[in-house]
Amino acid sequence: MPPFIEIHIIQNIAPGNLNRDDTGAPKDAIFGGFRRARLSSQAQKRPVRRFFRESRLIAPQHLGLRTKKVMARLSEMLLTRGREAPDNAIRQALAAIHMKLDDKGEAQYLLFLAEDELARFADLIDRHWDALNIEADGKKSKKDAKSALPKEVIAEASRILDGGRAADIALFGRMLADLPGANQDAACQVAHSISTHAVERQFDYFTAVDDLATPEESGAAMIDNVEFNSATHYRYAALDPLKLLANLQGDEELALASVRAFIEAFACTLPSGKQNSFAAHNPPAFVGVVLRQKMPINLANAFEQPVFPQRDRALSALSVERLAHQEKTLAQAYGEEGPWAVLDLTGAWDAGGTAVVKLADLAEWAARQAAERYAARG
């Protein structure tokens with residue numbers, strides 16, 4: 001089994017509702033027999049992807065888009081090349097990879113495509129414009145639509161969906177139902193975060209007053225309530241640097257940039273639910289990165305027995321202390337005493353490792369570990 005770079009976070013989050021379920025309540029889970037606050041893995045990944053783009057830690061051409069609006073995006077690209085009314089040509093080109101669009105020009109499901117893949121598709125359509133710009137028949141099956149295309153177009157289109165060296169696709173993987181050959185296994189696994197302690201559901205009862213109400217109109221124009229919680233979370237992710245390199249087609253520079261970017265983005269982001277109402281912007285109190293040689297180890301069982309508040313100790317410090325004890329216990333038992341680097345604002349970590357004072361230093365340390373693995377593989 002290849003080495004893994006893990007990131008472990010203890011993060012105290014103020015009252016909020018960052019990640020809601022279908023009833024509007026904060027997501028939770030029963031763990032160790034107690035209700036815990038929870039943030040789903042999916043809700044943690046999207047802010048990471050947005051952080052990549054907004055912070056420009058990863059160049060835009062090395063990122064992906066999750067969308068149904070493939071027609072709109074390709075049309076935009078082709079219009080800049082002077083191709084008018086490209087819809088039929090786009091439909092024919094997509095038929096070459098068994099992808100059919102609905103009447104609105106949207107895919108049947110969300111597609112995770114690299115910007116580079118879309119650019120190469122636009123280039124394919126532009127170069128084969130005359131062959132592709134034929135009358136489309138919306139009643140044709142995918143098979144019939146594909147058989148009407150020149151063989152060289154089909155062959156070239158089939159080679160385009162290779163992941164496009166997109167960092168977020170390489171990290172989180174993708175599945176395209178109609179194109180199993182274009183699927184990509186994720187290099188990164190992200191756990192659902194859980195609170196290190198038990199939580200109780202809380203409700204904010206609120207009212208709103210009509211600004212144009214007359215003096216005779218007393219009372220509220222609206223009455224409602226919203227559920228929220230506050231919790232110290234344990235967050236965890238495991239990254240396979242060799243799988244990441246393979247997904248990025250051997251581009252070591254991009255792979256190392258992706259490791260740095262992921263460490264920073266995972267630590268700096270949270271889901272954004274109800275933030276205009278709660279503004280729960282609380283950076284982690286502890287961020288630790290470790291290299292595991294044999295197997296990944298999620299330390300959540302440190303909190304199977306919930307942490308209980310103490311009058312003179314912060315829950316975040318108590319949680320870091322519990323995390324360090326679990327690490328020492330499991331690392332010794334399973335021979336996984338890998339090197340650590342830690343950014344610890346609590347002073348409670350006593351499991352060793354390299355102490356850093358900046359998150360960027362932690363990201364750089366992780367990238368060095370990946371670089372050493374890359375150098376050793378050959």
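This text follows the structure it describes.
Residues numbered from 1 in each chain as written. Predicted model: local features only at pLDDT ≥ 70, side-chain atom pairs only at ≥ 80, totals over all residues. Heavy atoms only, no water.

Q: Any details on a negative patch on the surface? Residues and values, ideally.
A: Together, D210, D211, E216 and E217 line one region of the surface with negative charge. Here E217 lies in the loop between strand 8 (202-208) and strand 9 (222-239). (Patch = residues over 30% accessible without salt bridge, like charges linked within 9 Å, V, L, I, M, F, W, Y side chains within 5 Å. Areas by Shrake-Rupley, 256 points an atom, 1.4 Å probe, with all protein chains shown as cover. Salt bridge = Lys/Arg side-chain N within 4 Å of Asp/Glu carboxyl O. Lys, Arg positive; Asp, Glu negative; His and termini not counted. Charge placed at Lys NZ, Arg CZ, Asp CG, Glu CD. Helix = DSSP H or I, 4+ residues; strand = E, 2+ residues; numbered from the N terminus.)

Q: Would you mind going over the packing of aromatic side chains in detail, with residue names and values included?
A: Taken as a whole and assessed by the stated rule, the structure comprises seven aromatic pairs. Where Y234 meets F303, the ring centres are 5.7 Å apart and the plane angle is 50 degrees; that geometry is what we call tilted. Pair noted here: Y234 is in strand 9 and F303 is in the loop between strand 10 (286-292) and helix 12 (315-334), with a separation of 69 residues, a long-range link. The class of F303 is buried, set by a relative accessible area of 0%. With a centroid separation of 5.4 Å and 20 degrees between ring planes, the pair formed by F262 and F266 is classed as stacked. Highlighted residues: F262 and F266, both in helix 10 (residues 252-268), separated by four residues, approximately one helical turn. Across the pair, F266 and F262 agree in class, each one buried. Members of the aromatic cluster, each reached through a chain of ring pairs, are F172, F262 and F266. Looking at R235, its charged tip hangs above the ring of F266, at a distance of 4.3 Å from the centre. (Phe/Tyr/Trp six-rings, centres within 6.5 Å; stacked < 30°, edge-to-face > 60°. Buried < 20%, exposed > 50% of the residue type's maximum accessible area, 1.4 Å probe, protein only. Lys NZ or Arg CZ within 6 Å of the ring centre and 35° of its normal.)

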